[in-house]
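Take a look at the letters that make up each chain.
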Amino acid sequence: MRKVSIIGGGLTHFGEHWEISFREMVAEAGAKALHDSKIEGKDIQAIYGGCMASGRLLGQEHVGALIADQLGLNPLPSTRCEAACASGGVALRQGIQAIASGMYDVVAVGGVEKMTEVSVEEASLALGGAGDQEWELFNGATFPALYALMAKRHMLEYGTTEEQLALCAVKNHANAVHNEYAQFRSPITLEQAMNASVIASPLKLFDCSPISDGAAVVILAASDVAKKFVDEPVEVIASAQASDSLALTGRETLTSLKATQIAAKDAFKQAKITPKDVDLAEVHDCFTIAEILAIEDLGFFPKGKGGKATEDGETALNSTVSVNTSGGLKACGHPVGATGVKQAVECLWQLQGKAGQRQVKDAEYALSHNVGGSGATAVVHIYKKL
Amino acid sequence: MAGIIGYGVFIPRFRIKVEEIARVWGKDAARVSSGLGIKEKAVAAFDEDSATIAVEASRNAIESSGVNPDDIGAVFVGSESKPYAVKPTATIVGDAVGASPVMTAADFEFACKAGTTGIQTCMGMVDSGMIKVGLAVGSDTAQGRPNDALEFSAGSGGAAFLIGNDKPIALIEDTYSFTTDTPDFWRRQHAEFPRHAGRFTAEPAYFRHVLSAAEGLLKKIGKKANDFDHVVFHQPNGKFPQAAAKKLGVDAEKIKTGLLTPMIGNTYSGAAMVGLAAVLDVAKPNDEVLVVSYGSGAGSDAFSIKVTKEIEKKRSKPSVQELVAEKEYIDYALYVKHRQKLKALGD
Amino acid sequence: MRDALPLIWRKIPERYTLLGSHCNNCKTDYFPQRTICPHCRSKGKLVDKQMPREGKVYSFTEVHSGPAGFQHETPYFLAIIELPNKVKVLSQLVDSSKDKVKVGAPVKMVFRRIFADGAEGVIAYGFKFKVVN
């Protein structure tokens, strides 16, 4: 297989964008990515786009064609990938596979979601489609509720506390302060997080990622041609994906995401490194409990110790492993289809040393972890500075 | 004649006190409570209706009696608070208890006596050999208009009776009905709440029909009302049954076991049937029970029932008194929320 | 999701009576029903099987912000119930006071309205669970 690198990335600001449309966000992130990669449209050979729920949220399907059209890249083949909140990560993986197979040299991967065009209730229903519609949503489940059911078990089995959950949010807000693309750039205190209104006990407002608009694009190139375009490409040294039961009730356990564990194991094997080697990780913190599960399931901390590690500051910027330097889904925002691609952009910029005040020192290895639904899909990528 | 081979009851968990309703409308709670003979009433939760109550009561009947659902050839649900104006509740019950698809089914409406009419229909079908077992249910989530006298009494609950010939727990020795066109209480098509004729509901309506049916039955079988060990009347409030007992010369003690309205309100189609169930919960073999239902509009079905020794094996679980005791009080605001009286909420 | 009439109708045996599946090959029970046994795949032999109607609370949450269709029911308990055959079921917990809703609490199935398609549409009924003493 050919090796694959990321040569550039582009983001829109994440947040509530009343003034920009879905397609304008795609165009903005795409243009920025092309500029960052120092390539032109004619260099691109194929497009993969992650988007979860444009049909439900906007009445717009056929997002692959829309992306090619908006970027002026017709007649390139352009394909939409959907894996709920892991749509971006899965699109990235499709792009990587397309180059690794030898079919293309340069590919654009985008992710986009416009979630504020409908009411919060409608958006929640659309997001609920990431779970089991017939047996979770139909019975009154929401996504916060599904993660709350996991949190409850984690607290029961490992003594994880509500404070430890809240500290994930406190840390991610602190990181987002230094990210110009983030939805929330204001720090929060533990007290604020603990006193917030309950959404689905034990999860409170600050335990939940927001509803966001945003788009992200990365440009991939075969590693053997990457340096023709940029001086500092970042190589994707592992790309792994796994599936699990769509509904929570089909899982062996509620205190681990098995799909994450399996994808992580595969990814570390491909990368020939261990979790200890990773300097920074963009993990899927749609809820604070999801970050605790992630840092355990990815192997950064033993099972059950994620809460303690967070409390001890081991996931803060420039600590044991810098987790969610972008602010994560919690504070940077979570336009679902864009998230997996945004994570790759953050890893790219960190490894290129372009992350400004949130820069991880001497970052050599980065990891991104994107989850679909309540854990039915997990995608893990590992990146290394070339 | 066919007998009762199983029975079950369901009463929703929420209760509102008469005192709480009186507080909201500035009424004298003690006077209202003693005037109606009602302390509190059962309130269906937002996700309960006469169909869910019918299913729970029917399941309790089937599980307690061990009747094979496949043997049930007819399901009749009596109610004046149907979840669908058109579409039977009886099919919901049939599927939920496993009696469908080889069965006949229909919903009956005759104000508060549709359930006992279902019993009579099942008796006829069993005795004629059309069916082996019939399921007759009376179930309501009765609605009173806010600040109407009915609001103090309209309760929620239901009872299910399995009618058949195989090892009956009680024999239905005879039944007699008295029916006339008497508009004392009604709900017009598309109207949300029923209207009633105030004091007209008493003498020309409730008492005339209840007493005529009882007297007709007693004459037919050659008994006196006070010959029975237990007597159950339809119970729109706590007072009417006491007055009916007095007029028929029944000792006051004999109506106590079957008088639930003071604690759960008037469960309409369920009322006389829940009363009978409460009697069966404690009756001894050979006890004799007189039951007289009443439905506005108007009519009464009277039954002479004799308990057999099978009762000891098939008393229903949970018992009526257990269901009465399992309660959680709500205030008027939660009552309004659960009964969906807050129109501003929309769908 | 509204107007899901065929879906509501199709699932009546599962929703009303907890009808699940059993694989005669690996002897595993499943709820909801499955077409293929995920363990045995082509070797599996799935048949209908009634699930037990009593179980224990495995995990629970109190939902304060409900989705469309459930938004006026808040707060409500949502739980994962573990049945004696190890099958897990996600359900609302009703008729259960707050102090009794605990992991491990015994529960039994009850029959309730799940949701309605507005004031004029079809009503979906099915199982919920309640804590028993």
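Residues numbered from 1 in each chain as written. Chains lettered and ligands numbered in written order. Predicted model: local features only at pLDDT ≥ 70, side-chain atom pairs only at ≥ 80, totals over all residues. Heavy atoms only, no water.

Undergrad: Report on the overall build of chain C, specifying residues and quantitative values.
TA: When helices and strands are tallied, chain C shows two helices and eight strands. Expressed along its principal axes, the backbone C-alpha trace of chain C runs to roughly 45 × 35 × 20 Å. The buried share among the 133 residues of chain C stands at 56%. Partitioning the contacts of chain C with sequence separation of at least 6, the portion at a separation of at least 24 is 49%. Surface accessibility of chain C: about 6000 Å² in total, with carbon and sulfur atoms responsible for 51%. Of the charged side chains in chain C, 22 are positive and 12 negative, and the gap between their average positions amounts to 8 Å. (Helix = DSSP H or I, 4+ residues; strand = E, 2+ residues; numbered from the N terminus. Buried < 20%, exposed > 50% of the residue type's maximum accessible area, 1.4 Å probe, protein only. Contact = heavy atoms within 4.5 Å. Areas by Shrake-Rupley, 256 points an atom, 1.4 Å probe, with all protein chains shown as cover. Lys, Arg positive; Asp, Glu negative; His and termini not counted. Charge placed at Lys NZ, Arg CZ, Asp CG, Glu CD.)

Undergrad: Tell me about the interface of chain C and chain A, residues and numbers included.
TA: In this assembly, 33 residues from chain C lie in contact with 28 residues from chain A. Approximately 2800 Å² of surface area, both sides summed, lies buried where chain C meets chain A, with 66% of it carried by carbon and sulfur atoms. On the surface where chain C and chain A come into contact, there are one salt bridge. Inspection of the region where chain C meets chain A yields eleven residue pairs in polar contact (both at pLDDT 80 or more). Breaking the side of chain C that touches chain A down by element, the ones donating at least two residues are α1 (5-10), α2 (12-17), β4 (54-63), β5 (76-82), β6 (88-93) and β7 (106-116) of chain C. The class makeup of the residues in the side of chain C that touches chain A is 22 nonpolar, six polar and five charged. (Buried area = accessible area lost by both parts, 1.4 Å probe. Salt bridge = Lys/Arg side-chain N within 4 Å of Asp/Glu carboxyl O. Polar contact = N/O pair within 3.5 Å; in protein donor to acceptor, adjacent residues only side chain to side chain. Nonpolar A, V, L, I, M, F, W, Y, C, P; charged D, E, K, R; others polar.)

Undergrad: Before we move on, can you summarise unusual backbone geometry with the specific residues and values?
TA: Backbone torsion omega between F31 of chain C and P32 of chain C reads 0 degrees, so that peptide bond is classified as cis. On the secondary structure map, P32 of chain C appears in the loop between β2 (29-30) and β3 (46-50). In the segment running from T74 of chain C into P75 of chain C, the intervening peptide bond is cis, with an omega of -10 degrees. You can see P75 of chain C is positioned in the loop between β4 and β5. Positioned with a positive phi, K87 of chain B is a non-glycine residue whose angle comes to about 135 degrees. As for its position among the elements, K87 of chain B is in the loop between β4 (72-78) and α4 (89-97). Residue classification places K87 of chain B among the partly exposed positions, given a relative accessible area of 31%.

Undergrad: I'd like a description of the packing of helix α1 (residues 22-37) of chain A against helix α3 (residues 63-70) of chain A, backed by residues and values.
TA: Residues and elements named next belong to chain A. Remark: α1 packs on α3, axes separated minimally by 9 Å, with the N-to-C direction vectors making an angle of 55 degrees. Taken together, α1 and α3 sit at an angle that is classed as oblique. The handedness of the crossing between α1 and α3 comes out as right-handed. Along its contact with α1, which presents F22, R23, V26 and A27, the element α3 presents V63, L66, I67 and Q70. By residue class, the composition of the contact of α1 with α3 is six nonpolar, one polar and one charged. (Axes fitted to C-alpha atoms, helices over the stretch in contact; angles between N-to-C directions. Parallel < 35°, antiparallel > 145°, perpendicular 65-115°, else oblique. Left-handed = near helix turned anticlockwise from the far one by under 90°.)

Undergrad: For the packing of aromatic side chains, give the residues involved together with the corresponding values.
TA: Using the criterion set out here, one finds 22 aromatic pairs over all chains in the structure. Seen in terms of ring centroids, Y181 of chain A and W349 of chain A are 5.7 Å apart; in terms of plane orientation they differ by 35 degrees. Their pairing is tilted. Of this pair, Y181 of chain A sits in the loop between α7 (162-176) and α8 (190-194) while W349 of chain A sits in helix α14 (residues 336-351), placing them 168 residues apart in sequence. Plain terms: the ring middles of W25 of chain B and Y332 of chain B are 6.0 Å apart, the flat faces sit at 90 degrees to each other, and that makes the pair edge-to-face. Of the two residues, W25 of chain B sits in helix α1 (residues 18-25) while Y332 of chain B sits in helix α11 (residues 332-338), which places them 307 residues apart along the sequence. Residue classification places Y332 of chain B among the buried residues on the basis of a relative accessible area of 9%. (Phe/Tyr/Trp six-rings, centres within 6.5 Å; stacked < 30°, edge-to-face > 60°.)

Undergrad: A description of the arrangement of the chains should follow, citing residues and the corresponding values.
TA: When the two pairs of chains in contact are ranked by number of contacts, first place goes to chains A and C. For the non-touching pair chain A and chain B, the nearest C-alpha separation works out to 12 Å.

Undergrad: Please give an account of the domain arrangement of chain A that cites residues and values.
TA: All names here are of chain A. The domain boundaries assigned to chain A delineate domain 1 (4-119 + 212-234) and domain 2 (139-208 + 236-385). Taken together, the contact pairs 44 residues of domain 1 with 36 residues of domain 2. Summed over both sides, the interface between domain 1 and domain 2 buries roughly 3100 Å², with carbon and sulfur atoms accounting for 67% of that surface. Contact with domain 2 buries surface across domain 1, with F14, C85 and V234 losing the most and accounting together for 23% of the total. Counting the contacts that link domain 1 with domain 2 gives one salt bridge. Among the ionic pairs, D36 bridges to K354, the shortest N-O distance being 3.4 Å. If you look at where domain 1 meets domain 2, you find 16 residue pairs in polar contact (both at pLDDT 80 or more). Looking at the side of domain 1 that touches domain 2, the elements that each hand over two or more residues are β1 (4-11), α1, α4 (87-100), β4 (106-114) and β7 (213-222). (Domains from an automatic or database assignment.)

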